[in-house]
Amino acid sequence: MPTARRIAHEFLERRGLTTVFGNPGSNELPFLAELPDSFRYVLGLHEGVVVGMADGYAQATGRPVLVNLHAAAGSGNAMGALTNAVYARSPLVLTAGQQVRSAIGVEAMLANVEATQLMRPLVGWAGEPACADDVPRSLAQAVFEAELQRRPTYLSVPYDDWAAEVEHADVLDRTVRRGLVPDPDQLDALVREVGAARRPALVLGGDIDTDGLFDRAVACAEHLGLPVWVAPSPHRLPFPNRHPLFRGVLPAGIGAVSAELAGHDLVLVLGAPVFRYHQHVPGPYLPDGARLIQVTDDAGAAARAPMGEALVAAPGPVIDALLDRLPPRQQEHQAREFTEPPQPAEAAGALHPEQVFAALRDTRPADTRYVVESTSTNAAWWRQMDLRHPGSYFFPASGGLGFGLPAAVGMAMGDPDRPVVAVVGDGSANYGITALWTAAHYKVPVTFLILRNGTYGALRWFGRLLGTPDVPGTEIPGLDFTALAAGYGVPATAVTELDELRAELKTPATDGPRLVQVDTHLTTPE
Ligand code: TZD
Ligand code: CA
């Protein structure tokens, strides 16, 4: 009879989960033994980085990804990064090695006590097989749950299970599919309501990009002449940001959202929670006279919304129905051309982030994927960038720093056909700094652009907003990312002048990573 390990490997192989991101310990070695040649094990030096890379890989491929973590200590290290994967809805399958069954009860070293509780409430499903014979089925369940829920899952396996012979291999042939087409009556009603609205507005979330609906959303907005906002705190860009119908990213405060949407009688939200607020701005949830209809396949996001009506369905068929069944409408504003970015702002002493972003826009290929983790430069970013391709923009979905460098590495591995640039603050970079080693070791062609302003800029801004301007722990002077990069094996340059920066950005990262540190002027996110 085959071993649990043999069936598990074959199951993963058949489903294409052969790129494994991990950081192993003794408990995990029996799973990794006899790994077929078709597997690629990508070693990360810290579990936060491992999960960040897997998240980037999942977002670039749209597929579930296997993550190999070490028991409780390794899983705990992964927890912060896991918050981002949860809100990005990345189907990560986390596995961790458990002590041998007989040693769990006595809490031997590396026993994962109450393993199935450890990653709650972040994971959508957590399990530990009740016996060795159930290992292959449990692994299949972890993969299927991640795909069905679009949420990370966690499987703990006692390491003496892997060599056990198992009776059933039926999971190898299983398929589990997901279809969330709305029922015809619900769809009819929705189409009628949008058709009857006097001034409808469209609000799009990251799921539109994740689901491959970027171009369909553009077609739908153009057909119906709908002004388009991106839902607050976006982790992906679902619509071209210089399109004539683009109205911007909605602010992340309750009152600010309703002020921005004032005058609209119907707010149609596709593929987003309602809403991912951040700074507390009191006020009404919606402007006077507005109805809100949310379409999402995330039942939790529908249930927890504080206002509006929700339809739990995939947004794709809804977009198709709006396109097919409603007559074309005049655009609210007649502009047909993409908007031109303004002249970048300048500052004394250091480059303004707008100058940096204008340089990116002018020098980088149009289909570049940007992983952005620079928190005080948000307004400057949207003022200068011109992103017209799906899958162009990624931000840590829960706001947990440590995503930028690793996710860029995972993304470049997941889709080698598109260039990847990580735009990361000098604060954020430290939470995922060991991703530089993985990038160097596996020769991953990523450009890491570190914006160095010597401070946790966004926190200074928040301090003013909260009426707490003078707080400790916000200054980070003296970080030298060229020296750090050298230590991890990544070639690096520091620039202070615009022409130097442009010259650096014109040189693509092709046979491995490179890092560019640029000194920047402090700005505010809004
Ligand atoms: N720790 C983690 C894991 N996530 C966080 N979001 C924070 C701390 C708090 N935090 C922010 O929300 S923004 C920020 C911190 C520390 C400053 C980031 O500094 P930066 O970017 O240099 O990357 P800016 O542009 O200077 O703000
Ligand atoms: Ca900074």
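Take the coordination of the calcium ion (ligand 2) next. Every protein donor of the calcium ion (ligand 2) is accounted for by D426 (OD), N453 (OD1) and T455 (O), and the metal-donor separations fall at 2.2 to 2.3 Å. Each donor residue of the calcium ion (ligand 2) lies on one chain, and together they are spaced D-x26-N-x1-T. Taken together, the residues D426 in the loop between β15 (420-425) and α17 (435-441) and T455 in the loop between β16 (446-452) and α18 (457-465) connect sequence positions 29 residues apart. D426 gets classed as buried once you look at its relative accessible area, which sits at 2%.

Bringing the domain arrangement of the chain into the picture now. In terms of domains, the chain is made up of domain 1 (4-173), domain 2 (184-336) and domain 3 (353-519). Put simply, the middle of domain 1 and the middle of domain 2, counted by C-alpha atoms, are 36 Å apart. Facing the five residues of domain 1 at the interface are nine residues of domain 2. Interface area lost by domain 1 to domain 2 is led by Y87, R89 and R150, which between them contribute 72%. Counting the contacts that link domain 1 with domain 2 gives six salt bridges. A salt bridge links R150 to D207, with the nearest nitrogen and oxygen atoms 3.7 Å apart. Linking domain 1 to domain 2 there are five residue pairs in polar contact (both at pLDDT 80 or more). Among the residues forming the side of domain 1 that touches domain 2, the class breakdown is two nonpolar, one polar and two charged.

As a further point, take the side chain of N241. Note on placement: N241 falls in the loop between β8 (228-230) and β9 (246-249). Given the relative accessible area of 5%, N241 is considered buried. Of the polar contacts made by the side chain of N241, one reaches the backbone oxygen of M385; its length is 2.9 Å. In this view, N241 contacts F246, W382, M385, D386 and L387; residues no more than four positions away in its chain are not counted.

Moving on: the packing of aromatic side chains. Evaluated as defined, the whole model comprises 12 aromatic pairs. Judged by centre distance (4.9 Å) and plane angle (50°), the ring pair of F31 and W162 falls under tilted. Remark: W162 occurs in the loop between β6 (153-158) and α8 (184-196) and F31 occurs in helix α2 (residues 29-32); sequence separation between them is 131 residues. Classification of W162 by relative accessible area gives buried; the value is 5%.

Attention now goes to the packing of helix α1 (residues 4-14) against helix α7 (residues 135-149). Contact geometry for α1 and α7: axes closest at 9 Å, N-to-C directions at 25°. One element, α1, and the other, α7, form an angle in the roughly parallel class. Of the two possible hands of crossing, α1 and α7 adopt the one that is right-handed. For the pair α1 and α7, the contacting residues are A4, I7, A8, F11 and L12 in the first and V135, P136, L139, A140, V143 and F144 in the second. Class assignment of the residues belonging to the contact of α1 with α7 gives a composition of 11 nonpolar, no polar and no charged.

For the rest of this paragraph, the subject is the sheet that holds strand β5 (residues 125-127). Spatially, the six strands line up as an open sheet ordered β2-β1-β3-β4-β6-β5, and their pairing is parallel. Each end of this open sheet is capped by a strand with a single partner; those strands are β2 (40-43) and β5. In this sheet, adjacent strand axes meet at a mean angle of 20° when their direction is disregarded. Relative to strand β4 (residues 92-98), strand β3 (residues 65-69) runs parallel, the two being bridged by five bridges.

Structurally, the position occupied by Q517 is in strand β18 (residues 514-519). On the basis of relative accessibility, which here comes to 3%, the residue Q517 falls in the buried class. In terms of polar contacts, Q517 uses its side chain to reach the backbone amide nitrogen of F481, at 2.8 Å. Among residues more than four places away in sequence, those in contact with Q517 are I450, R452, L479, D480, F481, T482, T493, A494 and V495.

Within β4, seven of the seven residues are buried, leaving the element largely enclosed by the surrounding structure. Each parallel crossover has a hand, and for β3 linked through helix α4 (residues 71-88) to β4 it is right-handed.

Moving on, we get to the sheet that holds strand β14 (residues 393-394). Strand order in the open sheet formed by six strands is β14-β13-β15-β16-β18-β17, with parallel pairing between adjacent strands. In the strand order of this sheet, the two ends are held by β14 and β17 (492-495), each with one partner. Pairing of β15 with β16, which is carried by six bridges, proceeds in the parallel orientation. Looking at β16, one finds that G425 is bridged to L451.

It is worth spelling out unusual backbone geometry at this point. Omega for the peptide link from R120 to P121 comes to 5°, which places this bond in the cis form. Among the secondary structure elements, P121 is positioned in the loop between α6 (115-118) and β5. Here the residue pair V274 and F275 is connected by a cis peptide bond, since its omega of -20° sits within 30 degrees of zero. With respect to the element layout, F275 can be found in the loop between β10 (266-270) and β11 (291-296). Phi is positive for L110, close to 70°, though the residue is something other than glycine.

Rules used in this analysis
Residues numbered from 1 in each chain as written. Chains lettered and ligands numbered in written order. Predicted model: local features only at pLDDT ≥ 70, side-chain atom pairs only at ≥ 80, totals over all residues. Heavy atoms only, no water. Donors = N, O, S within 2.8 Å, 3.2 Å for Na, K, Ca; no water. Helix = DSSP H or I, 4+ residues; strand = E, 2+ residues; numbered from the N terminus. Buried < 20%, exposed > 50% of the residue type's maximum accessible area, 1.4 Å probe, protein only. Domains from an automatic or database assignment. Contact = heavy atoms within 4.5 Å. Buried area = accessible area lost by both parts, 1.4 Å probe. Salt bridge = Lys/Arg side-chain N within 4 Å of Asp/Glu carboxyl O. Polar contact = N/O pair within 3.5 Å; in protein donor to acceptor, adjacent residues only side chain to side chain. Nonpolar A, V, L, I, M, F, W, Y, C, P; charged D, E, K, R; others polar. Phe/Tyr/Trp six-rings, centres within 6.5 Å; stacked < 30°, edge-to-face > 60°. Axes fitted to C-alpha atoms, helices over the stretch in contact; angles between N-to-C directions. Parallel < 35°, antiparallel > 145°, perpendicular 65-115°, else oblique. Left-handed = near helix turned anticlockwise from the far one by under 90°. Pairing = 2+ DSSP bridges. Right-handed = clockwise from strand over helix to strand, strands pointing away.

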